[in-house]
Amino acid sequence: MAEKTCVVCDENKEVCSNECIYEPLFPAEDDQKKRDYFTIKAHLLALDLTTLLPKLQTMEERREAISALLWQAKAWEKDPIHGAMAEFNDLKQALKDVEEGEDELKNAEESDAEDDDDAEDNENLIQEDRKLPPKKR
């Protein structure tokens, strides 16, 4: 019977122990998780998952770290020059566009309210003019 091995242990030519922290994160039989591992490894060369992940206390923290690292690795894959900074700048610009759109909408609503007030004032003046006696000349 073959020993159960995760992608990380397989890469290090080891067999997973019962306490292997990498097996739930990078099981060898999950092709997507394999691709995720090799994407992180390819784009974040200086990062050593075998030293980072054991420092994290819970499996949830490890999953969050893997998710963040995978996002960063994919950003470098998408833009090898700027990496995650390009993603950050795109998000920053999108937020600025939304804020400007909100300001324009607010200004348009205020302008419509002022136009409504002006129209109401004009209507009131017309009504008052009708009530006044004709001007003597």
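Everything numeric in this text was worked out from a predicted model, so none of it was measured.

Overview of the layout of surface pockets
By rolling a water-sized probe across the atoms, one finds the places where empty space is left.
And then number 1: Taken as a whole, the largest pocket holds about 150 Å³ of empty space.
And then number 2: Those elements that place two or more of their residues in the lining of the largest pocket are α1 (7-11), α2 (31-43) and α3 (49-52).
And then number 3: The greatest single-element share of the lining of the largest pocket, amounting to three residues, is contributed by α2.
And then number 4: Of the residues belonging to the lining of the largest pocket, the class tally is seven nonpolar, two polar and three charged.

Concerning the pattern of salt bridges
And then number 1: For the structure on display, the rule yields two salt bridges.
And then number 2: With its nearest N and O atoms 2.3 Å apart, the salt bridge here joins glutamate 11 to lysine 41. Of this pair, glutamate 11 sits in helix α1 while lysine 41 sits in helix α2, placing them 30 residues apart in sequence.
And then number 3: Its relative accessible area of 37% is what places lysine 41 among the partly exposed residues.
And then number 4: With a shortest N-O distance of 3.1 Å, glutamate 87 and lysine 78 are connected by a salt bridge.
And then number 5: Of the residues examined, glutamate 87 reaches a relative accessible area of 19% and is grouped as buried.

Observations concerning the nonpolar core
And then number 1: Core analysis: the biggest nonpolar cluster contains 20 residues, and Cys6, Tyr22, Phe26, Ile40, Leu49, Leu53 and Ile66 have the highest contact counts within it.
And then number 2: Listing elements by their share of this core, those giving two or more residues are α1, α2 and α4 (59-78).
And then number 3: In terms of residue count, the dominant contributor to this core is α4 (five residues).
And then number 4: Among all residues touching phenylalanine 26, those that are not within four sequence positions of it are Cys6, Val7, Val8, Lys33, Tyr37, Leu49, Leu53 and Ile66.

Here's the deal with the confidence of the model for the chain
And then number 1: Mean pLDDT over the chain: 84, with 79% of residues reaching 70 or higher.
And then number 2: By mean pLDDT, helix α5 (residues 84-131) is the weakest element of the chain at 79, and α4 is the strongest at 94.

With respect to the packing of aromatic side chains
And then number 1: Under the counting rule described, the total for this entry stands at two aromatic pairs.
And then number 2: Ring geometry for phenylalanine 26 against tyrosine 37: centres 5.3 Å apart, planes inclined by 65°, an arrangement best described as edge-to-face. Linking phenylalanine 26 in the loop between α1 and α2 with tyrosine 37 in helix α2, this pair joins segments that are 11 residues apart in sequence.
And then number 3: Taking relative accessible area as the criterion, phenylalanine 26 reaches 1% and is therefore assigned buried.
And then number 4: Ring geometry for tyrosine 37 against phenylalanine 38: centres 5.1 Å apart, planes inclined by 75°, an arrangement best described as edge-to-face.
And then number 5: By relative accessible area, which is 37% here, phenylalanine 38 ends up partly exposed.
And then number 6: Cluster of aromatic residues (ring-pair linked, three or more members): Phe26, Tyr37 and Phe38.

Parameters at a glance
Residues numbered from 1 in each chain as written. Predicted model: local features only at pLDDT ≥ 70, side-chain atom pairs only at ≥ 80, totals over all residues. Heavy atoms only, no water. 1 Å grid on protein atoms, 1.4 Å probe; cavity = no way out; pocket = protein on both sides within 12 Å on 5 of 7 lines; lining within 4 Å. Points joined across faces, edges and corners; volume = space filled by probe spheres on them. Helix = DSSP H or I, 4+ residues; strand = E, 2+ residues; numbered from the N terminus. Nonpolar A, V, L, I, M, F, W, Y, C, P; charged D, E, K, R; others polar. Salt bridge = Lys/Arg side-chain N within 4 Å of Asp/Glu carboxyl O. Buried < 20%, exposed > 50% of the residue type's maximum accessible area, 1.4 Å probe, protein only. Core = buried A, V, L, I, M, F, W, Y, C linked by side-chain atoms within 4.5 Å. Contact = heavy atoms within 4.5 Å. pLDDT = per-residue confidence, 0-100. Phe/Tyr/Trp six-rings, centres within 6.5 Å; stacked < 30°, edge-to-face > 60°.

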